[in-house]
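# An overview of the molecular structure
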Amino acid sequence: MAILTALVLASVSTAQLATSNGTGVSVRALDKLTGKVQDLEIGALQSASVGRITITANECRYPDGNAAGEAYASLTITEVGKDAPVYQGWMIASSPALNPMDHQRYDVWVLRCTTS
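For the structure given in this document, a descriptive report is provided here. This is a predicted model, so every value here is computed, not measured.

## Details of the state of the cysteines
The full count for this structure, using the stated rule, is one disulfide. A sulfur-sulfur distance of 2.0 Å marks the disulfide that ties Cys-60 to Cys-113. Taking the sign of the S-S torsion, about -85 degrees here, the bridge from Cys-60 to Cys-113 comes out left-handed. Of the two residues, Cys-60 is situated in strand 5 (residues 53–63) and Cys-113 in strand 8 (residues 106–114); the sequence distance between them amounts to 53 residues. Across the pair, exposure class does not vary: Cys-60 and Cys-113 are buried alike.

Below you can see the structure in the form of structure tokens.
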């Protein structure tokens, strides 16, 4: 019974990773039509445009004490001429396919959080 309790407590502590907020996010954008790739650094609550889309960085989090570690970024991506965002949610740097932006022309994925 003691071993089972220890395992449960260990799994709970690893599931609750302490994070810090970055000052912004570094993303990579691909225009699938032209093959052009752009790396962008976007400050928190700031926006940057690539072609017909605008990427807004809502928040970026990383593990405490490890700014080079995993990045979790909340993004809103809009397209010229569309009322609703084409993407709104969290992207994880190490797992871009987990919650991808589904767009016929553009791919966007998170590289890391910025800290200065």
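## Examining the environment of Ser-20
Mapped onto the secondary structure, Ser-20 falls in strand 1 (residues 19–21). We classify Ser-20 as partly exposed; its relative accessible area is 21%. Separated by 41 residues in sequence, Ser-20 and Arg-61 have C-alpha atoms that sit 5.5 Å apart. With residues up to four places along the chain from it excluded, the contact list for Ser-20 reads Cys-60, Arg-61, Tyr-62 and Asp-64. A polar side-chain atom of Ser-20 sits 2.4 Å from a polar atom in the side chain of Asp-64.

Here is what the cut-offs are and how they apply
Residues numbered from 1 in each chain as written. Predicted model: local features only at pLDDT ≥ 70, side-chain atom pairs only at ≥ 80, totals over all residues. Heavy atoms only, no water. Disulfide = S-S within 2.5 Å. Helix = DSSP H or I, 4+ residues; strand = E, 2+ residues; numbered from the N terminus. Buried < 20%, exposed > 50% of the residue type's maximum accessible area, 1.4 Å probe, protein only. Contact = heavy atoms within 4.5 Å. Polar contact = N/O pair within 3.5 Å; in protein donor to acceptor, adjacent residues only side chain to side chain.

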